[in-house]
Every structure is written in C-alpha cells, then in structure tokens.
Amino acid sequence: MLLSRTARSFEMIMVARLIYGISSGIALSAHSIYLVECAPKRLRGMVGVTVATFASFGKFFAQLLGISEFFGTPEKWPWLLGFNGLAALLQLVTLPFLPESPRFLLLDRGDQQACETALRKLWGDKDYSTEVEEMLEEKAALEGVRSHSVLELIRNQSLRWQLLTILVGFTGLQLCGINAVYFYCFEVFRAAGIQEHQLRYAALGTGLCECLTSLACFMIIENTGKKVLMLRGYAGMSVVLVLLTITIYFQEHVSWLPYCSMVLVFIFIFWFASGPAGATAPLPGELFTQQYKSAAYTIGCTISWLGLFVLGMVFPIVEKHLHGFCFLIFLFFCVSCGLFFKFNVPEIKNCTALQVAAEFQKMHTKQEEPKHTKTDVREPYETKF
C-alpha cells in the first residue's frame, strides 16, 4: 500500500487489503484465545476487554493520523495506509519474548512442567498449584476428547445455547448500529453548526469517547459482570436509537435539536463501548473448553466479519431510502440481543468453562433431574460423533 501511489496501481491496494484482511481475521482469533488463556481466572474478563480497548484506541489513532496535519493529504496518504506495517513489525519483534499459553501446554501437549514455567513467567514466581489443579480437572474431564471442528460444534446439541450466545453476541456487535451512528455523525455535526473544516476534529471526539469508555469498562468489568454490561449496553443503545430517530427527523424544524442529536451520538458510543464492544470479544474463550475454543472463535469472527461486510454493502442503500429511520432496523437487533442475554445467558464472572457449562445446563433444563442422579458437568464435552 505504501508503494501503490509511486507505482500508480490501485490493484496493489486491493491485493494488500485482501492479504491484510486474511491476516486480521486469523490474528483476531489467535490474539483473543491467547489473552484469555494466559489471564488468571479473576482477571479474565478484564484482560478480555483489552481486545476492544486497543481496537478503539487503534480507531482513534487512525482518525488522528488521518487529519491533514499528519497523513491526511494528497501527498501523504500512502504513508497512512502503510502505517499498519509498523504495528505488524512491532508484534513480530516482541512475540519471541512471550511464553506459550499455559492452558495449551497442559491441556493440548500434556506438559505440566512447561505450563508451570509459563505461569511463573506470566504471573510472577509464586505458587500456582490451585490454577494448575483446575486445569488438570478440565483435562481429566476431557480425557480422550480431541479438538473438534466447526461442523462438529454446530452439530453438538448439548452446546447449542453456548453456540447461540456466540452467534447472537457477534451478530449484535456489528448490527447494533454503531457503524450507522459513525456514518451519521458528520451530518449531525453539520446540522449542529460545526464548520466543514472542523468536522474531522469533532470526529476525533467520537473516537476518543469510545476509547475512554472502553478503558472504563476495563476497570469495572470484574466487579459488574459481562451479563450486566451486555444488558445495560443494549438497553441504553435501544433508548438512544429511538431518541436519535426522533431528533434527526425533526432537527430541520427545531433549532436546538441538532445539539441533542450530537449529544446522543456520544451517549450511544458510550453504551456500545461499555457493553457489547468489551464483553463480546472474549466470550468464546470463556464459554467453551479447550477442545471447542478454536471452532467457537472461528464461528464468532466469521459472523463478525460477515456482518460487517453485509452492513457495508447494504447500509448505503437502506440509508438512501429510509434516512434517519434506518436506526429502527438496528433498534430491532439491540432489543433482540438484550432480551436474549437477559433470559438465556447466565452470569459467567469468575467461572471456569466446566462451571459455565453446568450453569447453561441448569438454566435450560426444563425438568429437574431426579435427586438420586448426579449431574456430570463433563457430559456436554464428551458427545461422540
């Protein structure tokens, strides 16, 4: 991409974007799995949120570099596109210094000594017998069970609610309306009287708002819990979408309504960053055991990227015909996702994957098991195909 302007070839940008898209799809899954597996159970939610925190930081940093004072000029834009190479180079240089995931070493390779060495390198030189014991319990529960494919995960009826949670969560992440709000923010800012040459600075404010809110979510998630954050986020976004539809429709008739729309844009970003954005990314790593994590992340990321692609293709057409009323479409997804998490997903704070499986089974079992029957939490992961 850096050399595309010199070569006068837009094809180079297309090829580069294809390669970068494939790499991003793989890296997002691998990065999320690695983070969740390396984090202590009590900090797993907090560490998982960093995926969204740094994604929002990257978004803000891209907006900052894109203004005319930096690389947003006809001469410097190739450097803006090529700047991603610096981040990739930084990762290549630092990755050799990071240990392998302790859970992978113990559950997949069966190397307890290497697992304990990785734990000490990651968490400090202390006694981690309790954490190792929990992993050994999971290993015993999954003894003889191989890693499963995406198709096998889809066919496993005992994991249908965990799978539905992933599908709903990642679908809602893209179809909740955040991209539509970003799309409309320039029109809202213009209506509020912000000059054309100052719009890019106002857009910086939206990126900074998401970044700071995501950072706040990082601080409170362990005390609040993912389910509560999801419910608050989707409920808050639903209310804002209704109000935003009303203010945009009447803003030409009431002089002060554009200012209300501008405030609502920031409020919507706040609810998004403090709820779905932070809580969705680490879900596959927390809902599934080692044998299903890769398949779960593959499904989640595929749904997320597919949703983004469909939205990018369809939204301009929908917006052209519906204008501000297009927010009502996203309202449907926000309400649906919020209701799903309220009635079908248990709280998973400080729970292992086996405990999460037991909570889902308990929540969705229509009839109580006989008292003389002992529930085995390993059952959902021992289904034979």
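As the structure is a computational prediction, the values presented were derived from the model and not from experiment. (Residues numbered from 1 in each chain as written. Predicted model: local features only at pLDDT ≥ 70, side-chain atom pairs only at ≥ 80, totals over all residues. Heavy atoms only, no water.)

Caption draft 1: Summary view of the layout of surface pockets. Estimated volume of the second largest pocket: approximately 340 Å³. Along the wall of the second largest pocket there are 23 residues; nearest its centre are Arg103, Glu134, Met135, Glu138 and Thr352. Every element with two or more residues in the lining of the second largest pocket is listed here: α2 (10–38), α7 (112–123), α8 (129–141), α16 (283–287) and α19 (353–364). By residue number, the principal contributor to the lining of the second largest pocket is α8, which donates five residues. Here the residues of the lining of the second largest pocket sort into ten nonpolar, three polar and ten charged. (1 Å grid on protein atoms, 1.4 Å probe; cavity = no way out; pocket = protein on both sides within 12 Å on 5 of 7 lines; lining within 4 Å. Points joined across faces, edges and corners; volume = space filled by probe spheres on them. Helix = DSSP H or I, 4+ residues; strand = E, 2+ residues; numbered from the N terminus. Nonpolar A, V, L, I, M, F, W, Y, C, P; charged D, E, K, R; others polar.)

Caption draft 2: Geometry of the pattern of salt bridges. For the coordinates displayed, the defined rule picks out three salt bridges. One salt bridge connects Glu37 with Lys293, and the closest N-O pair in it is separated by 3.8 Å. Residue Glu37 is located in helix α2, and its partner Lys293 is located in helix α17 (residues 290–322); the two are separated by 256 residues in the primary sequence. Taken individually, Glu37 and Lys293 each receive the classification buried, so the pair is uniform in this respect. A salt bridge links Lys59 to Glu210; the nearest nitrogen and oxygen atoms lie 3.2 Å apart. With Lys59 in helix α3 (residues 44–65) and Glu210 in helix α12 (residues 199–224), the pair connects residues that are 151 residues apart, well separated along the chain. (Salt bridge = Lys/Arg side-chain N within 4 Å of Asp/Glu carboxyl O. Buried < 20%, exposed > 50% of the residue type's maximum accessible area, 1.4 Å probe, protein only.)

Caption draft 3: Spatial organisation of the packing of helix α11 (residues 178–191) against α17. It is at 11 Å that the axes of α11 and α17 come closest, and there the two elements cross at 45 degrees. As summarised for this structure, α11 and α17 are arranged oblique, according to the angle between their axes. The interaxial crossing formed by α11 with α17 has right-handed handedness. Contacts from Asn179, Ala180, Phe183 and Tyr184 of α11 reach α17 at Leu308, Leu311, Phe315 and Glu319. (Axes fitted to C-alpha atoms, helices over the stretch in contact; angles between N-to-C directions. Parallel < 35°, antiparallel > 145°, perpendicular 65-115°, else oblique. Left-handed = near helix turned anticlockwise from the far one by under 90°. Contact = heavy atoms within 4.5 Å.)

Caption draft 4: Fine view of empty space enclosed by the protein. Tallying each qualifying case throughout the model produces two cavities of 30 Å³ or more. Of the pockets and cavities examined, the largest cavity occupies roughly 100 Å³. The wall of the largest cavity is formed by Lys41, Arg44, Gly45, Ile221, Glu222, Gly225, Lys226, Glu286, Ile348, Lys349, Asn350 and Cys351. Sorting the residues of the lining of the largest cavity by element identifies α3 and α12 as the ones contributing at least two each. Its residues placed into classes, the lining of the largest cavity shows three nonpolar, three polar and six charged.

Caption draft 5: Examining the side chain of Asn344 more closely. Relative to the helices and strands, Asn344 is located in helix α18 (residues 327–344). Excluding anything up to four places from it in sequence, Asn344 contacts Trp161, Leu339, Phe360, Met363 and His364.

Caption draft 6: Expanded view of the nonpolar core. Within the largest apolar cluster, 57 residues are counted, with the highest numbers of intra-cluster contacts made by Leu153, Tyr234, Leu287, Phe288, Phe327 and Phe341. Take this core: its biggest share by element is eight residues, from α11. Leaving out residues up to four positions away in the same chain, Phe341 has contacts with Thr165, Val168, Gly169, Lys227, Met230, Leu231, Tyr234 and Leu283. Ranked by size, the runner-up nonpolar core spans eight residues in total, among them Leu105, Leu106, Ala118 and Val132. (Core = buried A, V, L, I, M, F, W, Y, C linked by side-chain atoms within 4.5 Å.)

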